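Survey of secondary and tertiary structure
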Amino acid sequence: MTAYKDHLGRPIVAVTGMGIITSLGQGLQDNWNALSSGTSGIHGITRFPTDGLSTRIAGTVDFIDIPVPNAVERSYAFARETTIEALAQAGISGDFDAPLFLAAPPIEPEWSARFELADRSPPADHDGDAYERFLAAMRQRPDPTFHEAALFGAISERLADRFGTRGLPVTLSTACASGVTAIQLGIEAIRQGRTTRALTVATDGSLSAEALIRFSLLSALSTQNDPPTKASKPFSKDRDGFVIAEGAATLVLESLEAAIARGAKILGIMKGAGDKADSFHRTRSSPDGGPAIATIRAALADAGMAETDIGYINAHGTSTPENDKMEYGAMSAVFGERLPTIPVSSNKSMIGHTLTAAGAVEAVFSLQTMLTGTLPPTINYNNPDPSIILDVVPNKKREKQVNAVLSNSFGFGGQNASLVMALEPA
């Protein structure tokens with residue numbers, strides 16, 4: 001039936017379930033209540049000592065019980081909980097019996113685990129390097145916990161076992177665009193007729209001392225530690241970097257036809273997705289914004305929509321001096337003189353940058369924006385950047401019904417991705 005096809009004759013993709021965890025709390029309702037009221041989840045770090053570090057704040061998720069304190073266990077636990085919530089909302093029980101697309105962080109063992117392994121490694125001889133000594137120690141006394149902590153692919157395997165997904169679970173990592181990439185793969189699988197539904201999950205529980213230090217060395221993190229809640233200030237003149245954070249989100253995607261056939265409630269429509277690579281630099285975006293502009297235009301074209309159809313933009317809005325400027329330039333090129341009249345807010349002002357999870361977390365918030373008719377604010381917007389002319393929904397939420405949203409995710413390594421979502425099919 002043409003009622004279930006898009007402008008290119010492909011199956012229309014609906015969202016029927018959502019689950020979310022951020023530093024604001026667990027579950028969609030708690031998160032939305034906090035986000036829409038302008039509450040910040042950023043706080044001082046307690047997971048590890050921060051003495052001598054220039055950044056001592058983050059949006060860690062410390063309220064989920066995990067059996068072993070490592071990034072794999074955290075990332076799996078977040079993904080498990082958001083998937084349980086999303087499937088319950090979608091009304092799907094038993095085996096999911098469809099593909100799983102997971103965005104997960106590229107995890108490495110914690111320093112403490114490496115030190116422990118080094119302590120029980122045989123002494124160095126003139127032939128053996130540290131890596132060989134570590135392997136010798138592992139052969140001598142296998143350590144399943146350490147082994148799993150080094151295998152981020154284990155997260156998708158465990159999710160597949162837990163929820164009964166079909167086929168090989170796909171694990172991907174495209175930096176800050178990962179969450180959108182996972183959703184995009186789910187959309188494509190349904191459009192191509194390979195499945196009538198897909199489980200798309202993005203999780204990041206990888207915050208460690210090493211991660212913090214690495215981002216600090218890139219001068220990417222805010223050093224405005226006091227008070228923590230004021231540090232993330234996208235599009236402000238005195239922004240000085242992003243606030244690193246954790247979280248997860250799961251979306252259940254289905255063909256509109258299959259969802260309606262089983263009587264599911266339709267939460268929104270995934271109208272289009274676009275992605276483009278930026279080869280300019282490993283961490284910096286192309287100064288002319290060309291790849292970001294092309295990404296937004298590709299998402300609109302995929303959705304079969306014009307710039308004038310977009311009523312709200314969920315910005316990447318990291319709060320770094322360079323990224324906010326580049327994103328503004330890209331949006332200006334696409335939306336032109338109309339841009340100052342389009343509400344553009346950044347969830348990261350409240351939850352920080354959830355890295356691998358960000359694109360999916362912000363997709364959930366974008367859908368919730370349309371479902372509730374409430375635009376979440378950009379908080380800490382007290383000193384506007386005069387070179388960035390935007391309606392950032394400053395500091396307080398706004399009641400306004402929008403029917404189509406653009407959500408941007410522009411990441412390190414030249415990974416750019418955008419989603420276009422709508423309340424109803426055309």
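Residues numbered from 1 in each chain as written. Predicted model: local features only at pLDDT ≥ 70, side-chain atom pairs only at ≥ 80, totals over all residues. Heavy atoms only, no water.

For the protein, an unreviewed UniProt entry supplies the name 3-oxoacyl-[acyl-carrier-protein] synthase II and the organism Rhizobium hainanense. Under the heading Pathway (unreviewed entry), UniProt records this for the protein: "Lipid metabolism; fatty acid biosynthesis." Entered under Sequence similarities (unreviewed entry) in the UniProt record, the comment concerning the protein runs "Belongs to the thiolase-like superfamily. Beta-ketoacyl-ACP synthases family." (UniProt positions renumbered as here; feature names shortened; annotations may be inferred.)

With respect to the side chain of Thr356
Along the chain, Thr356 turns up in the loop between helix H12 (348-351) and helix H13 (358-372). Discounting chain neighbours no more than four positions away, the residues touching Thr356 are Ala103, Ala104, Pro105, Ala175, Ser178, Gly179, Ala202, Thr203 and Asp204. (Helix = DSSP H or I, 4+ residues; strand = E, 2+ residues; numbered from the N terminus. Contact = heavy atoms within 4.5 Å.)

Focus: the domain arrangement of the protein
Per the domain assignment, the segments making up the protein are domain 1 (13-107 + 152-422) and domain 2 (112-148). Distance between the C-alpha centres of domain 1 and domain 2: 37 Å. (Domains from an automatic or database assignment.)

Re helix H7 (residues 178-191)
In a regular helix each residue adds 1.5 Å, so 14 residues correspond to 20 Å; H7 covers 20 Å between its end C-alpha atoms and thus fits that length. Of all 14 residues making up H7, 12 are buried, and the element is well covered by its neighbours. Regarding H7, the residues found buried are Ser178, Gly179, Val180, Thr181, Ala182, Ile183, Gln184, Gly186, Ile187, Ala189, Ile190 and Arg191. Following H7 by one or two positions, Gly193 adopts a phi angle in the positive range, close to 80°. (Expected span 1.5 Å × (residues − 1). Buried < 20%, exposed > 50% of the residue type's maximum accessible area, 1.4 Å probe, protein only.)

A closer look at the nonpolar core
Core analysis: the largest hydrophobic core is formed by 47 residues, its most contacted members being Ile183, Leu251, Leu253, Met270 and Leu419. The biggest single contributor to this core is H13, with seven residues. Beyond its immediate stretch of four places on either side in the chain, Ile183 contacts Thr200, Leu251, Leu253, Met270, Ala360, Ala363 and Leu419. (Core = buried A, V, L, I, M, F, W, Y, C linked by side-chain atoms within 4.5 Å.)

Looking at the packing of aromatic side chains
A full pass over the atoms with the stated rule returns two aromatic pairs. With centroids separated by 6.3 Å and ring planes inclined at 40°, the aromatic side chains of Trp32 and Phe365 adopt a geometry described as tilted. Here Trp32 is found in helix H1 (residues 28-36), whereas its partner Phe365 is found in helix H13, with 333 residues between them in sequence. When sorted by exposure, Trp32 lands in the same class as Phe365, which is buried. For Arg158, the ring lying beneath its charged end belongs to Tyr76, and the centroid distance is 4.1 Å. (Phe/Tyr/Trp six-rings, centres within 6.5 Å; stacked < 30°, edge-to-face > 60°. Lys NZ or Arg CZ within 6 Å of the ring centre and 35° of its normal.)

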